[in-house]
Every structure is written in structure tokens, then in C-alpha cells.
Amino acid sequence: MTLESLLNLVYILSAITFILGFKLMSNPESARRGNIVSGIGMIAAIVATLMFPEIVRYQFIVIGIIAGGAVGLLFAYRTPMTGMPQMVGLLNGFGGLASLLVAWAEFIAHPEQTIFGGGILWLATLIGAVTFSGSIIAWAKLEERFISGKPILYAGQKYVTLLVIAGIVGLGVLFALDAGASNAGGFLVIVTALALILGILVVIPIGGADMPVVICLLNSYSGMAACASGFIVQNNLLIVAGALVGASGIILTLIMCKAMNRSVANVFLGGFGSGAQASTMEVVGEIKPVKSDEAYLMLEAANSVLIVPGYGLAVSQAQHAVRELLEALEKNGTEVRFAIHPVAGRMPGHMNVLLAEANISYDAMVEMDAVNPTMETVDVCMIIGANDVVNPAALEDKASPLWGMPIIEAHRARTVIVMKRSMGKGFAGVENPLFFRNNTRMLFGDAKASLQALVNEFKTGH
Amino acid sequence: MEVLIFLLFILVLAIFLGFEIISKVPSLLHTPLMSGSNAISGITVVGSILAAGLGQGEDLAAMLGGAAVGFAMINVVGGYFVTDRMLHMFKKKSK
């Protein structure tokens, strides 16, 4: 057996570890082991690649490995759990950028390509560049740095985007037909520039609340970008790993869209929540604000409490205060559960991670579909920084932009306590009739401060 | 051309496999799933090493390859370590 086939065998083993790693992730008990197994496969693949006899220049590789590894470690340990969506967004972008650079390196090293070779180079450039610039915009929107989280819309937006796509396709054909021609490099430069612009154009019209979908889709693109570079260097492992990531991103995208009752096309073309949507439904009832001492009495008397966390919890970093309240309630003999909507937070599963960080057992976290049928038995449903995902207009008001979206039906609980900073609207910019219901009490203020006030009430025992 | 068909064959199978296993991941673990797939998409590092280390060709190509190695390594290292950090926190109550 030659060294080459031995190294290719290592690639097969790596592919197996990636698949096993994903499989072990189907259970929280084995998930950590899965991640380690997959990591070992990655190290094996890198070491095997370094041993290929064609690899003779190590200086740039070593610099890349050391610098990239150091930055990666910094990211992994310095990012707070509330910042996970941004970090994942940024990593998606780096994956795209790496594929874009591989495509360019290949083009410079081997400009003479077949039509297929040229086509693949074009595709890898396109996916890599769109993933990169789109992810940077998504990151900036999530950080609310440089640009606002709100959708950015302008007249003729769709036509500009279509024109850019037409340019990319047209130049792609010219490029692939003769990649060795003297002007082909110029074509690829323009394709790269247009693809970078395209990534920006498709993400800026999307609002903050739709970011989970965008992050999922870009996650998928980063996998597809790896696939495309796999075709360039003709490597099976890149194709298998890239396809797994691509599939994972697509699955999450579909789950998110379903949880918002919207199509992928609607998310990307919509500019949802940007204009004032007219709703015909009159909001009846009045706001009933309470202080923490009244809220304490309700919680103290409750047998069953359901907590619905939303993005507001992440913003005020209230996850540890939630744990303290949980302990106080449990000491009081109250059963406490957490209902987590699939699109709560800024990425899928974000709330679960924050609660896990605060040392809250994952047994206590229930999914929307499991919790809704039991809502009548809930004495107090406490909503912390969530809004659209508990808006009953989704079920009752056909004119509402939220109509049809599956929600956590908090309004059916005996009493609802809504913790909210002010009477502002949710990200969708829609009025929430839940706040005006007879069984709803509003506890205004910063979520963390309100929670701590409640914990103090329990401690002093009034 | 034949190589291309073979690679496409692998791609299609891998996509189906991916859909099968990943749809079994519970929503509880979707954030670590995403950061974990970030790490795996860092597999581009293999392609990047091949682009950076080949003897023939231009220095520019090797440098671009080296930069690609760097960015892919951020994904690999950042992705695996942050996923581990997260999964470490998921605990069941010990009663």
C-alpha cells in the first residue's frame, strides 16, 4: 500500500468520526463525547494532509495553523454565552472566506482549467464570497455595531439584487468558457467583488428577529463552500463534511421558518416588521402593572410555575437571577418548568444554552408542543423578555402579521406575569393583546433587577 | 469528468445521510449543533493546506493558501472548543 492510499484511509476514518459525532449529539448525555470524537477525526485529517508527499512548503501552513488556532482559542473562551449567535455568525464567515481563498489560490496556481474546473472555481468563489460578506453583515447586525439591527430597505432593492446576480452569472459563463485566457483573472476579480456585494444586499433587508433564519442559512452555506473547495482539490472528505454541515444548516433553517409560519423566500424578500402593518383587531382591556411584592404573593401561592424566556433575558444577562428564583420557588415546593419557543433568542437553542450556563437542569426545559396542552394547569406563567412568541394575535387575529405562527399559549395559564422593560413592541413591531388580558399582570423594569427583587421577597419571606 | 461524477455521487449520499442523522438532534442542543458544524466546516483547512504547500506554482498562491489555513483553523479550534464549553454546561439534576 502506498502512503497516499494509507492517508486516504485516514480520511475515511475522519468522515466516520464526523458522522458519529453528529449521531452522539442526538442526546445531551453523549453530546460532549460526540464533539470530542469529531475533533479527534479533524486532527487526524489535518496530520494526514500534512504528510502528503506533494506538500513541500510548510512556512505558510505553520503560520496559518498557529495564528488561526490562537485566534480560535481566544474566540472560544472569551465569548460570553449571550454572544453565541454573533460568534457562530462570524465563524460561518471565516469558513466562507477560507473557501474563497482556496479557489483563488487554485486559479493562480492552475489557470488552465476545463469548463467544469472553471465552473467549480466560479461556484466556490461565489459561495465563499457571499457567505463571507453576508456573515459579516449578520454579525454586525447582531452586535448592533456599525449598522442597526433593523431591516434596511430602499426603492428598487429587488432589481439591484437581480442585476448583481445577472452580472455574476454572465461573467461566470465567460470565465468558465476559457479560464486560461488573459482576461479571465479580471472576470474572476469582478465575480468576487459582485458576490461580496450580493452577500451584503441579501442580508441588510432582514430584521433582527429573523436573524436565527439567516444564521442557519449561512451556516449551511459555509458547509456548501467547504463542499465546493472539495470539488476543487478533488477531496472526498471535504465533500462529505461540507455536505453534513450544509444539511444541518438547511434543517435548522426549515425548523426556524416553520416556527415562524413563514417560507424561506418570505424571510429573504420580506423585510418583515419594517413597515406599520394595519391590524383590524381592537385591543381591549387595560394594562395592570404590579410591584414585586404583589408578584411575589402570586408566585408564593402557586403550585405550578412556567417560565417563558426570550431575548430580553439574554440582553439583561438575567440567567443567573432566574436560577436563584428557581431555587427559591423549589424550596417553596413549587414545580417550575421552562417553555422555550424554537425562535426565542437570536439563534436556535440559544435560551437552552443560557439556562444551562446558569446551571439549570435540562430536564426542566420543555418544548412548545409539549407545554401547550398542559397550559390550563399552570398557576403562574412568567414571561421574561419574550413578546412575539407569546402573542395571542397569532391565533386570533387574521390581519396580524404574526397570524399562523405557532406560539406558547401563555394566555391560557391561570395568571400571567410579564416582565418587561417598558411597553415597547416586540421585534415584529406588533401590539401584543396578551398584556391587556384580565389574567395578565405587568412587572415593569430590567429583568435581572425584577428577578432579584422577587428573590429578596422570598428570602425575607414577608 | 469521471472523477467529477464520482465526487457528485459521494455528495448526494452525504447529503441524505446528513439529513437523516441531524434531524434527530433535539432542539435543546441546536446551538452546540451549529457551533459544532462550524468546527466541521473548518475541514476546508485540508483543502487550504493542499493549496498552500504545493511546491510548484506561484508564491501568491501559497500565501493565499496559508491565509485560508488560518481562517479555517479559527473555525476548527474556535468551533470545537466553544462547543465543548457549551456541552459541558448541560447537566441533568442529580437527585
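Rules used in this analysis
- Residues numbered from 1 in each chain as written.
- Chains lettered and ligands numbered in written order.
- Predicted model: local features only at pLDDT ≥ 70, side-chain atom pairs only at ≥ 80, totals over all residues.
- Helix = DSSP H or I, 4+ residues; strand = E, 2+ residues; numbered from the N terminus.
- Rg over C-alpha atoms; globule rule 2.2 N^0.38 Å.
- Contact = placed C-beta atoms within 7 Å.
- Buried ≥ 20, exposed ≤ 12 C-beta atoms within 10 Å, placed from the backbone.
- Core = buried A, V, L, I, M, F, W, Y, C linked by C-beta atoms within 7 Å.
- Nonpolar A, V, L, I, M, F, W, Y, C, P; charged D, E, K, R; others polar.
- Pairing = 2+ DSSP bridges.
- Axes fitted to C-alpha atoms, helices over the stretch in contact; angles between N-to-C directions.
- Expected span 1.5 Å × (residues − 1).
- Domains from an automatic or database assignment.
- Right-handed = clockwise from strand over helix to strand, strands pointing away.
- pLDDT = per-residue confidence, 0-100.
- Parallel < 35°, antiparallel > 145°, perpendicular 65-115°, else oblique.
- Left-handed = near helix turned anticlockwise from the far one by under 90°.
- Arc of directions from axis to C-beta.

**A few points about the overall build of chain B**
Scanning chain B from terminus to terminus reveals four helices and zero strands. What you see for chain B is a C-alpha radius of gyration of 18 Å, clearly larger than the 12 Å of a compact globule of 95 residues, by over 25%. For the C-alpha atoms alone, the extent of chain B along its principal axes is close to 65 × 30 × 15 Å. A fraction of 71% describes how many contacts in chain B between residues 6 or more apart in sequence connect residues 24 or more apart.

**Considerations on the overall build of chain A**
Along the backbone of chain A there are 17 helices and six strands. Out of the 462 residues belonging to chain A, those deemed buried represent 53%. Restricting the contact set of chain A to residue pairs at least 6 apart, pairs at least 24 apart contribute 80%.

**Focus: the nonpolar core**
Counting residues in hydrophobic clusters, the biggest one holds 197 residues, and the most contacted among them are Ala241, Val308, Ile383 and Ile384 of chain A together with Ala68 of chain B. Among the elements that take part in this core, helix H4 (residues 59-89) of chain B stands out by supplying 17 residues, more than any other. Those residues in contact with Ile384 of chain A that sit more than four places away from it in its chain are Ile307, Val308, Pro309, Gly310, Gly312, Leu313, Ala318, Val322, Met419 and Ala447 of chain A.

**Here's the deal with the interface of chain B and chain A**
In this assembly, 81 residues from chain B lie in contact with 98 residues from chain A. Those elements that provide at least two residues to the side of chain B that touches chain A are helix H1 (2-22), helix H2 (30-41), helix H3 (44-53) and H4 of chain B. Broken down by element, the side of chain B that touches chain A gets its largest block of residues, 30 residues, from H4 of chain B. Broken down by class, the residue content of the side of chain B that touches chain A amounts to 49 nonpolar, 25 polar and seven charged.

**Things to note about the sheet that holds strand S6 (residues 440-444) of chain A**
All names here are of chain A. Strand order in the open sheet formed by six strands is S3-S2-S1-S4-S5-S6, with parallel pairing between adjacent strands. Of all strands in the sheet, those with a lone pairing partner are strand S3 (365-367) and S6, marking the two edges. Put simply, the sheet's adjacent strands are angled 25° from each other on average, direction ignored. For strand S4 (residues 380-384) and strand S5 (residues 415-420), the ladder comprises five bridges, and the chain directions are parallel. Directly across from Ile383, in S5, lies its bridge partner Val418. Packing of helix H13 (residues 319-331) onto the sheet brings it into contact with strand S1 (304-309), strand S2 (335-340) and S4, and relative to S2 it is tilted by some 145°.

**Quick notes on the environment of Ala413 of chain A**
Residues and elements named next belong to chain A. Here Ala413 shows up in the loop between helix H16 (393-396) and S5. A tally of 26 C-beta atoms within 10 Å means that Ala413 is categorised as buried. Remark: the alpha-carbon pair of Ala413 and Leu101, spanning 312 residues in sequence, is separated by 54 Å.

**As for helix H2 (residues 31-50) of chain A**
Here H2 of chain A contains 20 residues, and its C-alpha end-to-end distance of 29 Å stays within 8% of the 28 Å for a straight helix at 1.5 Å per residue. Every buried residue belonging to H2 of chain A is among Ala31, Arg32, Gly34, Asn35, Ser38, Gly39, Gly41, Met42, Ala45, Ile46, Ala48 and Thr49 of chain A, and all of these are buried.

**Some words on the domain arrangement of chain A**
Often the size quoted for an interface is simply the accessible area lost on bringing the parts together. All names here are of chain A. Per the domain assignment, the segments of chain A are domain 1 (1-78), domain 2 (84-270) and domain 3 (292-460). Computed over C-alpha atoms only, the centres of domain 2 and domain 3 are separated by 37 Å. Listed by partner, the interface residues are 17 residues for domain 2 and 14 residues for domain 3. For the side of domain 2 that touches domain 3, the secondary-structure elements that each account for two or more residues are helix H4 (84-109), helix H8 (211-232) and helix H9 (236-259). Counted by class, the side of domain 2 that touches domain 3 contains 14 nonpolar, three polar and no charged residues.

**Thoughts on the pairing of S1 of chain A**
Residue and element names in this part refer to chain A. Across the six residues that make up S1, a large majority, five, are buried. One ladder, built from five bridges, connects S1 with S4; its direction is parallel. The partner of Leu306 across the bridge, within S4, is Cys381.

**Points about the pairing of S2 of chain A**
Residue and element names in this part refer to chain A. Note that S1 and S2 share four bridges and pair parallel. Bridging across to S2, Val305 finds its partner in Val336. Inspection of the sheet shows S2 paired to S3 by three bridges, in the parallel sense. Looking at S3, one finds that Ile340 is bridged to Glu367. Traced from S2 through helix H14 (residues 350-357) to S3, the parallel crossover comes out right-handed.

**Considering unusual backbone geometry**
Backbone geometry follows two general trends: most residues other than glycine have a negative phi, and most peptide bonds adopt the trans configuration. All names here are of chain A. With a phi close to 50°, Gln234 is a non-glycine residue in the positive phi region. Position of Gln234 among the secondary structure elements: in the loop between H8 and H9. Look at Gln234 and you get partly exposed, because 16 C-beta atoms sit within 10 Å.

**Quick word on the confidence of the model for chain A**
All names here are of chain A. When pLDDT is averaged along chain A, the result is 88; 95% of the residues meet or exceed 70. For chain A, helix H10 (residues 264-270) is the element with the lowest average pLDDT, namely 71, and H2 is the one with the highest, namely 95. Counted against residues more than four places away or in other chains, residues 272-278, with its pLDDT under 50, gives 14 contacts.

**Examining the packing of H4 of chain A against H8 of chain A**
Residue and element names in this part refer to chain A. Packing of H4 against H8 leaves a shortest axis separation of 9 Å and a crossing angle of 25°. What the angle tells us is that H4 and H8 run roughly parallel. Taken as a pair, H4 and H8 cross one another with a handedness that is left-handed. Residues Pro85, Val88, Gly89, Asn92, Gly95, Gly96, Ser99, Val102, Ala103 and Glu106 of H4 lie in contact with H8, whose contacting residues are Met211, Ile215, Leu218, Asn219, Tyr221, Ser222, Ala225, Ala226, Ala228, Ser229 and Ile232.

**Here's the deal with helix H3 (residues 59-78) of chain A**
All names here are of chain A. Look at H3: 29 Å from first C-alpha to last across 20 residues, which is about the 28 Å you get at 1.5 Å a residue. Buried residues of H3: Phe60, Ile61, Gly64, Ile65, Gly68, Gly72, Phe75 and Ala76, and no others. One side of H3 holds all its buried residues, which, seen down the axis, span an arc of 125°. Turned more than 90 degrees from where H3 packs its buried face, Gln59, Tyr77 and Arg78 sit exposed.

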